[in-house]
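# Analysis of the macromolecular model
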Amino acid sequence: MKKVFLIITLLWLILSISVVSAQNFNVPQIPQNISKISVKLTTPVVLDAKSSKIIIIKKPPITFKPFDYTFFKIQKSQIITLSNGKKITSEDFLKEINEIEKTLNSYGYSLRDPEEEILIQRIVIPKQNFEIQRKIFKEMIPYTPETKEEPPKEFKNLNWERIWELPLGNEDFNVKVGTGLKLIGEEKKVNSNAFAYATVGLLGKSAELIKVETDIGAGENNTSQKGYTRVYILGEKKIEESFKTNVKYRDKSEYNVDWSFPITCPVGPFNVSGSFGLRGKIGVELGAVLDPLYCNGFISPYVDTSAYAEIGLNYKVASAGVGGELTLLKDKLNINGNLNLVLQNPVYNSYFQISAKGENELNALSGNLYFFVQIDYLVGKKKFKAEIYEWDGFKYSTKLFEYNSKEPAYKDKELWLSIKEIRGLTPYSARNEDLKIKSNSFRVIIDVGAQTYSKEFIDLDKNGILSSRDSIWNIKIPLSSQNPQIPIKITVQQIYSLGELKNLTATLDLSKDQRKEIDLFVDINSNTFTGTINGKIDEEKIAIGDTNYWGERYHQLRFILSSSLKFQPAPAK
């Protein structure tokens with residue numbers, strides 16, 4: 001009977017401890033059946049109560065009135081058992097209580113106050129800037145890095161590339177995710193290159209959660225294949241595979257992660273110390289197929305991490321803990337690229353078959369987190385809270401790209417596209433209000449079928465307007481008589497600053513419908529084009545959108561499609 005009673009008592013104690021822990025903080029749990037990667041930094045973060053990023057909620061000081069034994073109905077030399085199980089002499093108890101009371105009085109608080117829970121401090125979170133980021137990055141689209149002009153030749157290499165990066169947060173709480181896919185087709189080989197990464201920053205410390213790199217290429221025969229794939233988790237290389245022949249490769253891995261650093265932080269008049277970091281799961285699925293003149297690769301990394309802390313302080317009558325639940329980064333990315341050079345007889349009928357797809361699901365910096373100090377003074381308990389973070393976060397479901405095309409490999413015609421003028425986000429609104437906008441540069445991306453051209457132009461005047469008497473950019477577009485009807489898409493992105501927010505990117509609205517880009521369908525037999533704007537070859541056009549971001553004038557692009565490049569005569573002297 002005693003054994004049964006003892007077992008029941010132990011179970012009751014275990015359940016009681018579990019309930020108390022759950023009430024304090026939803027600590028991310030790490031499953032035990034998969035590999036664990038733990039990184040413990042040694043350089044501490046020390047938060048200073050005098051820092052401008054910390055707000056102490058003080059009230060006018062009050063006169064210190066010490067407690068005595070009779071207030072707590074205790075006697076000298078008595079051994080007291082606190083609610084947390086710690087034992088303390090009545091002398092030490094009274095000494096600690098009065099020390100705490102005196103310190104609290106200097107902040108305008110007292111253990112005699114009726115409130116049981118008090119918010120005494122918070123870290124400044126620039127929620128207005130976060131709201132601006134949330135609005136801007138909701139429409140963030142991939143870009144194409146600047147492309148080099150290919151020398152004239154009958155066979156035209158294929159170059160399709162997209163890069164997408166999403167930086168969120170501020171210097172104290174931030175995440176950054178990014179990915180890219182590049183498909184290159186040449187006369188005797190095809191190549192698929194992809195990457196992805198995710199980083200998290202906490203109070204000045206940064207963790208590279210995952211980095212994935214793949215590069216695969218296929219030549220004309222089984223001996224000319226090559227490729228590799230690498231995966232790093234918290235900076236540690238966990239996967240590395242190389243390919244030198246035909247292959248069908250697939251892998252799936254998952255890891256528990258625990259990353260932290262020492263921290264010392266004020267909670268009002270108290271100093272707490274311990275560790276602060278993140279826990280969760282990071283995984284990746286990979287695949288590759290290599291055959292002669294055919295390559296396919298996919299990467300699918302995922303991250304699920306939350307913040308955690310373990311802290312304490314040097315009092316017997318007080319304890320420190322953590323509350324709330326903060327999702328740092330929960331992200332799922334899928335990238336798939338496929339390229340095949342299909343040789344035909346006669347050879348000028350050969351073509352590239354291309355398909356690319358990318359999508360991302362993100363939940364970041366969402367929730368709340370606070371440190372607390374709880375004082376047990378026999379006749380009551382009082383909890384003082386320091387808010388570390390509180391905001392509802394960033395949540396995006398983004399279709400990055402989806403593209404399927406059959407692209408002729410041999411080109412025997414050409415068309416010129418000349419960009420004449422760009423008007424984007426300007427420092428002043430249509431009502432001449434100062435928008436605090438500073439334009440840095442414009443990135444122009446031209447998609448012609450599966451071929452991509454890109455160039456960046458510095459905005460020297462910082463006014464959001466680029467104009468030239470001749471042209472800002474002349475792009476020679478190779479075409480094929482095998483495909484007389486060709487889609488052309490013109491995208492203009494502007495890199496700018498808005499007050500304290502730097503390096504923001506906006507896709508200019510150049511269309512009257514839901515799209516922002518200019519979509520044209522060109523018929524080289526009839527020398528006409530339809531789409532966002534209808535017109536004829538050699539006819540100058542202006543595309544004007546119908547929306548803006550901050551009250552600036554509507555964006556516009558002046559351009560001309562021409563059968564040959566024309567130059568303006570030099571002005572007379």
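Data block above holds the structure.
A few points on the structure.

A count of helical and extended segments in the chain gives four helices and 31 strands. Over its C-alpha atoms the chain spans a radius of gyration of 32 Å, topping by over 25% the 25 Å that the globule rule assigns to 573 residues. Seen along its three principal axes, the alpha-carbon backbone of the chain occupies a region of about 105 × 65 × 35 Å. For the chain, with 573 residues in total, the buried portion stands at 52%. Counted over contacts in the chain with a minimum sequence separation of 6, partners at least 24 positions apart contribute 69%. Accessible surface for the chain amounts to roughly 27900 Å². Of this, 50% is attributable to carbon and sulfur atoms. For the chain, the separation between the mean place of its 75 positive charges and that of its 68 negative charges on side chains is 4 Å.

In this section: the sheet that holds strand S12 (residues 236-243). Judged by pairing direction, the sheet is antiparallel, and its six strands sit side by side in the order S7-S8-S9-S10-S11-S12 without closing on themselves. Only two strands of the sheet have a single partner each, and these edge strands are strand S7 (158-169) and S12. In this sheet, adjacent strand axes meet at a mean angle of 5 degrees when their direction is disregarded. Taken together, the eight bridges between strand S10 (residues 205-218) and strand S11 (residues 226-233) define a ladder with antiparallel strand orientation. Residue pairing for S11: Val-212 is matched across the bridge by Val-231. In this fold helix H4 (residues 127-137) packs onto S7 and strand S8 (173-185), with an angle of close to 160 degrees to the strand it touches most, S7.

This brings us to a nonpolar patch on the surface. The grouping of Phe-71, Leu-378 and Val-379 at the surface amounts to a nonpolar patch, some 250 Å² of accessible area in total. Its location among the elements puts Phe-71 in helix H2 (residues 69-72). By relative accessible area, Phe-71 is classed as partly exposed at 38%.

Taking burial as the measure, the 19 residues of strand S15 (residues 294-312) include 15 buried ones, the bulk of the element. Bridging between strand S14 (residues 270-291) and S15 involves 19 bridges; their strand directions are antiparallel. Its bridge partner lying in S15, Gly-283 is registered against Tyr-302. Hairpin connection of S14 to S15: two residues between the antiparallel strands, including Leu-293 at a positive phi of 60 degrees. Judged from the eleven bridges that link them, S15 and strand S16 (residues 318-342) form a sheet pairing that is antiparallel. What sits directly across from Tyr-302, in S16, is Lys-332. In this antiparallel pair of consecutive strands, S15 and S16, the connection spans five residues.

Turning to unusual backbone geometry, a few remarks are in order. Omega for the peptide link from Asn-345 to Pro-346 comes to 5 degrees, which places this bond in the cis form. Positive phi, close to 50 degrees, is recorded for Leu-234, a residue that is not glycine. Mapped onto the elements, Leu-234 comes out in the loop between S11 and S12. Judged by relative accessible area, which is 14%, Leu-234 ranks as buried. Even without being a glycine, Lys-462 presents a positive backbone phi close to 60 degrees.

With respect to the secondary-structure elements, Ser-90 resides in helix H3 (residues 90-106). Dropping the residues within four chain positions of it, Ser-90 is found in contact with Tyr-69, Ile-74, Gln-75, Lys-76, Ser-77, Gln-78 and Ile-80.

Opposite charge on two side chains allows them to pair when their charged atoms are near. The full count for this structure, using the stated rule, is 29 salt bridges. The salt bridge involving Arg-134 is made with Glu-131; its shortest N-O contact spans 2.7 Å. Taken together, the positions of Arg-134 and Glu-131, both in helix H4 and three residues apart, correspond to about one turn of that helix. As a salt-bridge pair, Arg-134 and Asp-392 come within 3.0 Å of each other at their nearest N and O atoms.

Scanning the entire structure with this criterion turns up 22 aromatic pairs. A ring pair is formed by Phe-173 and Tyr-389, whose centres lie 4.9 Å apart and whose planes are at 55 degrees; its orientation type is tilted. Of this pair, Phe-173 sits in strand S8 while Tyr-389 sits in strand S18 (residues 381-391), and the two are 216 residues apart along the sequence. For Phe-173, a relative accessible area of 0% gives the class buried. For the ring pair Phe-261 and Phe-276, a centre distance of 5.9 Å and an interplane angle of 75 degrees mean the geometry is edge-to-face. Of this pair, Phe-261 sits in strand S13 (residues 247-267) while Phe-276 sits in strand S14, and the two are 15 residues apart along the sequence. When sorted by exposure, Phe-261 lands in the same class as Phe-276, which is buried. Feature note: the residues Phe-67, Phe-71, Phe-72 and Phe-93 constitute an aromatic cluster, connected by ring pairs. Residue placement shows Arg-112 over the ring face of Phe-67; its charged tip is 3.9 Å from the ring centre. The positively charged end of Lys-406 is found above the aromatic ring belonging to Tyr-351, 4.4 Å away from the centroid.

Let us now look at H4. Within H4, the full set of buried residues consists of Asn-129, Phe-130, Ile-132, Gln-133, Ile-136 and Phe-137. When H4 is viewed along its axis, its buried side chains cluster within an angular range of 160 degrees and face the same direction.

Looking at where Asn-170 falls in the secondary structure, it is placed in the loop between S7 and S8. Of the residues examined, Asn-170 reaches a relative accessible area of 18% and is grouped as buried. Apart from residues no more than four positions distant in its own chain, Asn-170 is found in contact with Pro-126 and Phe-130.

Within the secondary structure, Tyr-315 is located in the loop between S15 and S16. Take Tyr-315: its relative accessible area is 17%, and that puts it in the buried class. Not counting the four nearest positions on each side in its chain, Tyr-315 is found in contact with Lys-86, Glu-96, Glu-99, Ile-100 and Phe-270. A distance of 2.8 Å separates the side chain of Tyr-315 from the side chain of Glu-99, its partner in a polar contact.

Reading the values: the criteria
- Residues numbered from 1 in each chain as written.
- Predicted model: local features only at pLDDT ≥ 70, side-chain atom pairs only at ≥ 80, totals over all residues.
- Heavy atoms only, no water.
- Helix = DSSP H or I, 4+ residues; strand = E, 2+ residues; numbered from the N terminus.
- Rg over C-alpha atoms; globule rule 2.2 N^0.38 Å.
- Buried < 20%, exposed > 50% of the residue type's maximum accessible area, 1.4 Å probe, protein only.
- Contact = heavy atoms within 4.5 Å.
- Areas by Shrake-Rupley, 256 points an atom, 1.4 Å probe, with all protein chains shown as cover.
- Lys, Arg positive; Asp, Glu negative; His and termini not counted.
- Charge placed at Lys NZ, Arg CZ, Asp CG, Glu CD.
- Pairing = 2+ DSSP bridges.
- Axes fitted to C-alpha atoms, helices over the stretch in contact; angles between N-to-C directions.
- Patch = residues over 30% accessible without salt bridge, like charges linked within 9 Å, V, L, I, M, F, W, Y side chains within 5 Å.
- Salt bridge = Lys/Arg side-chain N within 4 Å of Asp/Glu carboxyl O.
- Phe/Tyr/Trp six-rings, centres within 6.5 Å; stacked < 30°, edge-to-face > 60°.
- Lys NZ or Arg CZ within 6 Å of the ring centre and 35° of its normal.
- Arc of directions from axis to C-beta.
- Polar contact = N/O pair within 3.5 Å; in protein donor to acceptor, adjacent residues only side chain to side chain.

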